[in-house]
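Breakdown of the fold
Here's the letter readout for the chains.
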Amino acid sequence: MLADLKTGQPHLGYSHPDWLVARWQRRWSPGQAAMLMEWNNTPPKTFARVNTLKTDAGKLLPRWRDENVEYDFVRYDWVAENLLFELKSHPP
């Protein structure tokens, strides 16, 4: 059923406004517009930053391990090391 909607009524199948789908299909092609809508529906990454006023990474990471939080270290020039993490999976 969803596959039929994505083909026949892509604005419903991909949950995008009809006017936007029409614009993208005119600008590119129906296939490229479908790829863009598929990408646009991809959930964003979740990041967490350590609040250094309340804790530090040394205390937080063992707690996350106990709670089965999966994470990766993230490094950017504008944030100190071991303060920013990309959460891969986490409890609610």
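Our structure is the block above this text.
Notes on the structure follow. (Residues numbered from 1 in each chain as written. Predicted model: local features only at pLDDT ≥ 70, side-chain atom pairs only at ≥ 80, totals over all residues. Heavy atoms only, no water.)

**Topic: helix 5 (residues 57-66)**
For the record, the criterion: Relative accessibility under 20% of the residue-type maximum defines a buried residue, over 50% an exposed one, and the middle range a partly exposed one, all with a 1.4 Å probe and only protein chains included. Only DSSP runs of H or I with at least four residues qualify as helices, and only runs of E with at least two residues qualify as strands; both kinds are numbered from the N terminus onward. An arc is given here, and it is the one of the directions from the helix axis to the C-beta atoms. What makes two residues a contact is simply this: any of their non-hydrogen atoms within 4.5 Å. Here a polar contact is taken to be a pair of N or O atoms separated by no more than 3.5 Å, where protein atoms must pair a possible hydrogen donor with a possible acceptor and residues adjacent in sequence count only if both atoms sit in side chains.
The set of residues buried in helix 5 consists of Ala 57, Leu 60, Leu 61 and Trp 64. For helix 5, the arc enclosing every buried residue in end-on projection is 100 degrees, short of the 170-degree limit, so these residues lie on one face. In helix 5, those exposed residues whose orientation departs by more than 90 degrees from the buried face are Gly 58, Lys 59, Arg 63 and Asp 66. For helix 5, the secondary structure elements touched by its buried residues are strand 1 (46-49), strand 2 (70-73) and strand 3 (84-89). A side-chain oxygen of the first residue of helix 5 lies 3.0 Å from the backbone nitrogen of Gly 58; this N-cap is Asp 56. Backbone geometry just downstream of helix 5 places Asn 68 in the positive-phi region, at approximately 60 degrees.

**With respect to the sheet that holds strand 2**
Whether parallel or antiparallel, the strands of a sheet pair through hydrogen bonds between backbone atoms. What counts here: Paired strands, in this sense, are two strands between which DSSP finds at least two bridges. Axis definition: a line fitted to C-alpha atoms, over the contacting stretch in the case of helices. Angles run 0 to 180 degrees between N-to-C directions.
Ordered in space as 1-3-2, the three strands form an open sheet in which the pairing is antiparallel. The open sheet is flanked by strand 1 and strand 2, the only strands paired with a single partner. Strand-to-strand twist in this sheet, taken as the mean axis angle between neighbours without regard to direction, amounts to 35 degrees.

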